[in-house]
Amino acid sequence: QVQLEESGGGLVQAGGSLRLSCTVARSTLNRPAVAWFRQALGREREFVAVISWSGITTTYDDSVRGCFIISKGINDNTVYLQLNELKPDDTATYSCAAAPSFTRQMREYVSWGQGTQVPVSS
């Protein structure tokens, strides 16, 4: 239903910043919500942030609020996740996903990208 491709991951030192991109190549959903999730090795996947297709509405997990910023391009189909003040505990595979409506519930997301790795060194 939705083709998503992440990019921008890579090794970063603690305290550094990184910007991830999620390109929505095509979609059969009408104005899907796009979210970022992350999964650390040996841990369950967790919600990070979500943005409405309009780019107006956003929600963040408390663990990243104030450090991460989600945004959407105006003239393209790309959602960004700016990672600031990174810590080793932020090390994870970051994935974007699309849902028919705005939600933070993982079970509502119907399409997923393959993920991009963000290792944060101490």
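Residues numbered from 1 in each chain as written. Predicted model: local features only at pLDDT ≥ 70, side-chain atom pairs only at ≥ 80, totals over all residues. Heavy atoms only, no water.

1. As for the overall build of the protein
Next, step 1: Looking only at helices and strands, the protein features 0 helices and 12 strands.
Next, step 2: Ordered by position from the N terminus, the helices and strands of the protein form the series β-β-β-β-β-β-β-β-β-β-β-β.
Next, step 3: Within the protein, the fraction of its 122 residues that count as buried is 43%.
Next, step 4: Here the analysis covers contacts within the protein between residues at least 6 apart in sequence; of these, 57% occur between residues at least 24 apart.
Next, step 5: When the accessible surface of the protein is totalled, it reaches about 6700 Å², and 43% of it is carbon and sulfur. (Helix = DSSP H or I, 4+ residues; strand = E, 2+ residues; numbered from the N terminus. Buried < 20%, exposed > 50% of the residue type's maximum accessible area, 1.4 Å probe, protein only. Contact = heavy atoms within 4.5 Å. Areas by Shrake-Rupley, 256 points an atom, 1.4 Å probe, with all protein chains shown as cover.)

2. Side note on the pattern of salt bridges
Next, step 1: Enumeration according to the criterion identifies 5 salt bridges in this entry.
Next, step 2: In this structure, Asp61 and Arg104 form a salt bridge, with 3.0 Å as the shortest nitrogen-oxygen distance. One end of the pair, Asp61, is in the loop between strand 6 (58-60) and strand 7 (68-72); the other, Arg104, is in the loop between strand 9 (92-99) and strand 10 (111-112), with 43 residues separating them in the sequence.
Next, step 3: With relative accessibility at 19%, the residue Asp61 sits in the buried group.
Next, step 4: Two residues, Arg65 and Asp62, come together in a salt bridge whose shortest N-O distance is 2.3 Å. (Salt bridge = Lys/Arg side-chain N within 4 Å of Asp/Glu carboxyl O.)

3. Notes on the side chain of Thr78
Next, step 1: Mapped onto the secondary structure, Thr78 falls in strand 8 (residues 78-83).
Next, step 2: A relative accessible area of 9% means that Thr78 is categorised as buried.
Next, step 3: Not counting chain neighbours up to four residues away, the residues in contact with Thr78 comprise Ser21, Cys22, Thr23, Ser71, Lys72 and Gly73.

4. Things to note about the pairing of strand 9
Next, step 1: The buried fraction of strand 9 is high, at 7 of 8 residues.
Next, step 2: Relative to strand 9, strand 4 (residues 33-39) runs antiparallel, the two sharing 7 bridges. Of the residues in strand 9, the one forming a bridge with Phe37 is Ser95.
Next, step 3: With 3 bridges connecting them, strand 9 and strand 11 (residues 116-118) associate as antiparallel partners. Considered in strand 11, the bridge of Ala92 is made with Val118. (Pairing = 2+ DSSP bridges.)

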